[in-house]
Amino acid sequence: MPLSTQSQGDIDQYILIASLDNARNLSNILKAISFRDHAIFSATQNGLKVTVEDSKCLQANAFIQVSVGGQCLTGWVDRSWVNQFVCLIPQADIFQKYIIKEDTVGFQVNLTVLLDCLTIFGGSTVPGVCTALRMCYNGYGYPLTLFLEEGGVVTVCKINTQEPEEPIDFDFCSTNVTNKVILQSDSLKEAFSELDMSSEVLQITMSPSHPYFRLSTFGNSGNAHYDYPKDSDMMELFQCTKIQTNRYKMSLLKPSTKALALSCKVSVRTDSRGFLSLQYLVRNDDGQICFVEYYCCPDEEVEGE
């Protein structure tokens, strides 16, 4: 592969290098959070975390982790989720090479431009035809450099970077989680297809008793409810300790449907303040796992039913 012909000296100049045999595995996960132009990249030994925010009310994070010794280093995601669904057995990394020379490397970049570059060869879906990627960064003030190769043709893209803004701390921690369910994504897709998406809000009710887990909308066609029994085949985990009903702006939740479309399972959690965490488990075409998480603040709290 032509990318492998880069001299060691060229590679050594960078403080961050991430190589993928299939750039589509990165572009797909970034598309799941591409509802604003700019994204904050934070790289550690665990891998890449990419953050996009909107109006201090919504935050989306894509986690592209690195495995060491055959185990996923999933420090960013809910541990009970990982223990249930991610077997800690050897699996192929998304990154074929991942080198970081500092504890943390951070920068901000135009996500729209980055996605355009990643699909510069057209994002081919032809079996056996992939765009290889080497993503390099040399530190503060330097551009993010992409080396893309397909069919022996190499294209180099340089994207200006900015000093990263400090992401919002939603202070969402597992100790404050009051209710949690894990669903098969297909069931949530079905719910959204039946609810009235013209509603300004999505109301979520979680309760240890009936209706257990209910999604409600209040749109042009009237009120609509979609209930999940706790013993539903679509419900893979049900942990609700109190009745909690909150409303969330539909305009904030709609971007998360991009991640839902890619995912196979989704964890829905609320904390004692009514903040919502939607965490999606995404398995790419090569069978590798990534996570996308959306945090959303409540629009208003509703008295428990």
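For the structure itself, consult the block above.
Cut-offs used in this document
- Residues numbered from 1 in each chain as written.
- Predicted model: local features only at pLDDT ≥ 70, side-chain atom pairs only at ≥ 80, totals over all residues.
- Heavy atoms only, no water.
- Pairing = 2+ DSSP bridges.
- Helix = DSSP H or I, 4+ residues; strand = E, 2+ residues; numbered from the N terminus.
- Contact = heavy atoms within 4.5 Å.
- Axes fitted to C-alpha atoms, helices over the stretch in contact; angles between N-to-C directions.
- Buried < 20%, exposed > 50% of the residue type's maximum accessible area, 1.4 Å probe, protein only.

What am I meant to see in the sheet that holds strand β3 (residues 47-54) here?
Either a parallel or an antiparallel arrangement is found when strands of a sheet pair, and the pairing is made through backbone hydrogen bonds. An order of β12-β8-β2-β3-β4-β21-β20-β19-β13-β17 is seen for the 10 strands of this open sheet, with the pairing classed as antiparallel. Taken across any chain shown, the strands that pair with only one partner, and hence form the sheet edges, are β12 (161-162) and β17 (235-240). Inspection of the sheet shows strand β13 (residues 177-184) paired to β17 by five bridges, in the antiparallel sense. Within β17, the position partnered with Ile 182 by the bridge is Leu 237. Each of β2 (38-44), β3 and β8 (105-110) is contacted by helix α4 (residues 111-118), which is oriented at about 85° to β8, the strand it contacts most. Sheet contacts for helix α5 (residues 185-194): β13 and β19 (263-271); angle to β13, the most-contacted strand, approximately 95°.

Got a minute to help me understand the environment of Ala 18 in this structure?
With respect to the element layout, Ala 18 can be found in strand β1 (residues 16-20). A relative accessible area of 0% means that Ala 18 is categorised as buried. Sequence separation between Ala 18 and Lys 97 is 79 residues, and the spatial gap between their C-alpha atoms is 5.6 Å.

Looking at this structure, I do not really get the pairing of strand β9 (residues 132-137). What am I missing?
A regular strand carries its side chains on alternate faces of the sheet. With six of its six residues buried, β9 lies for the most part within the structure. Burial of the side chains of β9 extends over both faces: Ala 132, Arg 134 and Cys 136 are buried on one face and Leu 133, Met 135 and Tyr 137 on the other. As defined by bridge partners, β1 adjoins β9 across five bridges and the pair is classed as antiparallel. From the neighbouring strand, Ile 17 faces β9, where its bridge partner is Cys 136. Two elements, β9 and strand β10 (residues 144-150), share six bridges in a ladder whose sense is antiparallel. Directly across from Ala 132, in β10, lies its bridge partner Glu 149. The hairpin formed by β9 and β10 contains six residues between the paired strands, and Gly 139 there has a positive phi angle of roughly 110°.

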